Amino acid sequence: MIKSHETKKYLVNSKLKSISMKNKVVAILGLAAFVFIGIAASKPSGNNERNLKVLPKDISNADLDSVMDGYSKALNVGCDFCHAENKAKTDIDYASDDKPEKEITRMMMKLTAAINKDYFDYTIVYKAGETMAVSCYTCHDGFPRPDLKHQKKD
């Protein structure tokens, strides 16, 4: 009887150790998955490098997206109109200066800011939803080049 009691005690302890070990493994795997998902969620995919020469360096992502969306709508173009593809041609390289349209846009941003400041006493702050006296749309009216405005829109 002593042997069987000791055997039962040994088996119970073995099962408890086994369950305890499984719980530790599950907890460690769960924690690792949580950390991995957290890292993946906090780092946006693709190139997040910035190359801001006219816009403020500390502009928020929301305000930057709002400004870019405004340009896209004013000229009726996509991001790839000003931004070049990355070397692998799988995504857009927003920091690249390979396309001349990007530098033209910078010049036009400076021109628009100067017109608003000099003639309307308005300083552009580049905030989401900001309304300007003169904007890209003032001249472009939904065309990539203002000189094409006389052509009918599709």
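Above: the structure in question.
Residues numbered from 1 in each chain as written. Predicted model: local features only at pLDDT ≥ 70, side-chain atom pairs only at ≥ 80, totals over all residues. Heavy atoms only, no water.

(A) The arrangement of the environment of E101 in detail. With respect to the element layout, E101 can be found in helix α3 (residues 100-120). E101 gets classed as partly exposed once you look at its relative accessible area, which sits at 25%. Along the sequence, E101 and P144 sit 43 residues apart, while their C-alpha atoms lie 10.0 Å from each other. Excluding residues within four positions of it along the chain, E101 makes contact with F81 and C82. (Helix = DSSP H or I, 4+ residues; strand = E, 2+ residues; numbered from the N terminus. Buried < 20%, exposed > 50% of the residue type's maximum accessible area, 1.4 Å probe, protein only. Contact = heavy atoms within 4.5 Å.)

(B) Just the side chain of H83, in detail. Tracing the backbone through its elements, the reader meets H83 in the loop between α2 (61-75) and β1 (84-85). A distance of 3.4 Å separates a polar side-chain atom of H83 from the backbone oxygen of Y94. With sequence-adjacent residues up to four places away left out, H83 is seen in contact with M68, I92, D93, Y94, K99 and K102. (Polar contact = N/O pair within 3.5 Å; in protein donor to acceptor, adjacent residues only side chain to side chain.)

(C) Just the nonpolar core, in detail. The biggest cluster of nonpolar side chains holds 13 residues, and the ones touching the most others in it are L55, I59, V67, Y71 and Y126. Top element by residues in this core is α2. It accounts for five residues. Beyond its immediate sequence surroundings of up to four residues, V67 is in contact with L55, I59 and Y126. (Core = buried A, V, L, I, M, F, W, Y, C linked by side-chain atoms within 4.5 Å.)

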